[in-house]
Amino acid sequence: MTAPSKTSVSPADPSPHVAAAHDKILIVDFGSQVTQLIARRVREEGVYSEIVPFNKAEAAFAEMKPKAVILSGGPASVLDDNAPSAPLSILTAGVPVLGICYGEQTMAQQLGGTVEAGHHREFGRAAIEITDTCALFDGVWEVGGKYDVWMSHGDRVTKMPDGFRAVAKAPGSPISIIADDIRKFYAMQFHPEVAHTPDGAKLIRNFVRNIAGFAGDWTMRAFREEAIEKIRAQVGKGKVICGLSGGVDSAVAAVLIHEAIGDQLTCVFVDHGMLRKDEAKTVVDLFRHHYNIPLVHVDASKTFLGELEGVTDPEVKRKTIGRLFIDVFDAEAKKIGGADFLAQGTLYPDVIESVSFTGGPSVTIKSHHNVGGLPARMNMKLVEPLRELFKDEVRDLGRELGLPDIFVGRHPFPGPGLAIRCPGEITREKLDILREADAVYIDQIRKADLYDTIWQAFAVLLPVKTVGVMGDGRTYEYVVGLRAVTSTDGMTADFYAFDMKFLGETATRIINEVKGVNRVVYDITSKPPGTIEWE
């Protein structure tokens, strides 16, 4: 990732242009926490999907002209005053529609059915029984069979609209799946997009491929070719400056842009003093020696750490780092004779506009340092070739571009770096301790051949000291927290269940090899309720 400030004024056009030549699915978001998983399941079928809030769905449908629509779940009740609903233009457009949970309820109610509250509530795993054949079930479920699904609802459909038939039932929702085969409208009370519905991805596949008739031509090879054309059209003869953070996103963006415009691109790698061990050498070697991409390496650690002295609030840390990145980029752009564009590794999850059940913006959990545009004083436009992709798609694109697996497969690393893995005040001493502890931890994971199994792993230096005993002496030193999670897209995550022997050996190594640490703990929090990073 790169680092413009959140407090900037001219964001890039968020509308998708690279995907213009492909058939598309529009996903209408009613505020579900797992709406992005729907998009991922659709894209796994080689189909481009885009998420829009329900209150902007009508305009998006008209502009996007999708071949099918999916209505997401959400926390509201269709029985509430001013409850969110799907635009009637979508339901009368003649395209296939799939409703999920709240999406089923609003579809049923809007088309003349009945939804009621006060019945049996279902949250968690449930078994549904298939009562009739349906195109959604082809090759997946059979009539009379019972299958596990993930429910999350209080209301339920009690009367179907005209033209629909019930094809499945469950104890808490006698009308669990409804189908209108003529209009190709299908809806289900459960969530097929989550891993807790084992056959959910297959049901979505049947809707996408067999019912809606998508060919599945959304590939990284096609994306690469189209993105290169888009970059060339946008940039023309202009100069581009790209900020490298050491992470996968900015590296893939840089290689893609260099393939499009060659030496019109200059990369700037800013060492802000909060990188992982040997990070700078890895990045410089990759870009200068492997790809021969023009690279400016700036050691700005003194500036960053000086301004962060005494800062403890994580949002202030993020915004300070973002502001200083802008200053560095601005200075380096002037040194190379000016630049017309700033390239960023912004991803799709960073720019999706989520909504609350009331239709307003969702609560900001933490600011993203690379979303929001640029200060007017920079007089540059943004180039964001990855803003239509999820993280795993970026990795696929990196492999398509020929980046080495050891780099493409690296765990995510935040733009603010170790600053947000060091709660409390940041000092050089703390960062040095954290760097060494993190390096030992990752080395242990690699030696156990677990690195590629884990989505993200890192050490955190806690802002507390504890009493310990080493040899015959008393110590009073820092505590290191270890974090490792499994995930598919970073939106939800579970802690990785290391065996105790691994944790014991890792703790022993850290305490013995890293001066300043006498205690190690392991974080077993999932996301939600926690986030993956600590700040």
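Residues numbered from 1 in each chain as written. Predicted model: local features only at pLDDT ≥ 70, side-chain atom pairs only at ≥ 80, totals over all residues. Heavy atoms only, no water.

*Asks:* Can you break down the packing of helix α6 (residues 220-235) against helix α7 (residues 248-261) residue by residue, with the values?
*Replies:* Contact geometry of α6 with α7 gives a least axis separation of 9 Å together with a crossing angle of 65 degrees. In this view, α6 runs roughly perpendicular relative to α7, as classed from their interaxial angle. Here α6 and α7 pass one another in a crossing that is right-handed. Across the interface between the two elements, Arg224, Ala227, Ile228, Ile231, Arg232 and Val235 from α6 touch Leu256, Ile257, Glu259, Ala260 and Ile261 from α7. Residue composition of the contact of α6 with α7, by class: eight nonpolar, no polar and three charged. (Axes fitted to C-alpha atoms, helices over the stretch in contact; angles between N-to-C directions. Helix = DSSP H or I, 4+ residues; strand = E, 2+ residues; numbered from the N terminus. Parallel < 35°, antiparallel > 145°, perpendicular 65-115°, else oblique. Left-handed = near helix turned anticlockwise from the far one by under 90°. Contact = heavy atoms within 4.5 Å. Nonpolar A, V, L, I, M, F, W, Y, C, P; charged D, E, K, R; others polar.)

*Asks:* Could you give an account of the sheet that holds strand β13 (residues 265-271), naming the residues involved and the relevant values?
*Replies:* One open sheet holds the five strands; their spatial order is β14-β13-β12-β15-β16, and the pairing between them is parallel. Looking at the sheet topology across the chains shown, the edges are occupied by β14 (295-299) and β16 (381-383). When the angles between neighbouring strand axes are averaged without regard to direction, this sheet yields 30 degrees. Running at roughly 165 degrees to β16, α6 makes contact with β12 (240-244), β15 (341-343) and β16 of the sheet. Packing against the sheet, α7 makes contact with β12, β13, β15 and β16, and its axis sits at approximately 155 degrees to β12. (Pairing = 2+ DSSP bridges.)

*Asks:* So what's going on with α7? Residues and values would help.
*Replies:* Taking 1.5 Å as the rise per residue, α7 with 14 residues should run 20 Å; its terminal C-alpha atoms sit 20 Å apart, in good agreement. In terms of residue burial, α7 counts as a mostly covered element, since 13 of its 14 residues are buried. Within two residues after α7, Gly262 carries a phi angle of roughly 60 degrees, on the positive side. (Expected span 1.5 Å × (residues − 1). Buried < 20%, exposed > 50% of the residue type's maximum accessible area, 1.4 Å probe, protein only.)

*Asks:* Outline the confidence of the model for the protein, listing residues and values.
*Replies:* Of the residues in the protein, 89% reach a pLDDT of 70 or more, and the chain-wide mean stands at 86. This stretch, residues 1-17, has a pLDDT under 50; its non-local contacts, to residues over four places away or in other chains, come to 65 contacts. In this model, residues 356-373 is a region of pLDDT below 50 whose contacts with residues beyond four sequence positions or in other chains number 55 contacts. (pLDDT = per-residue confidence, 0-100.)

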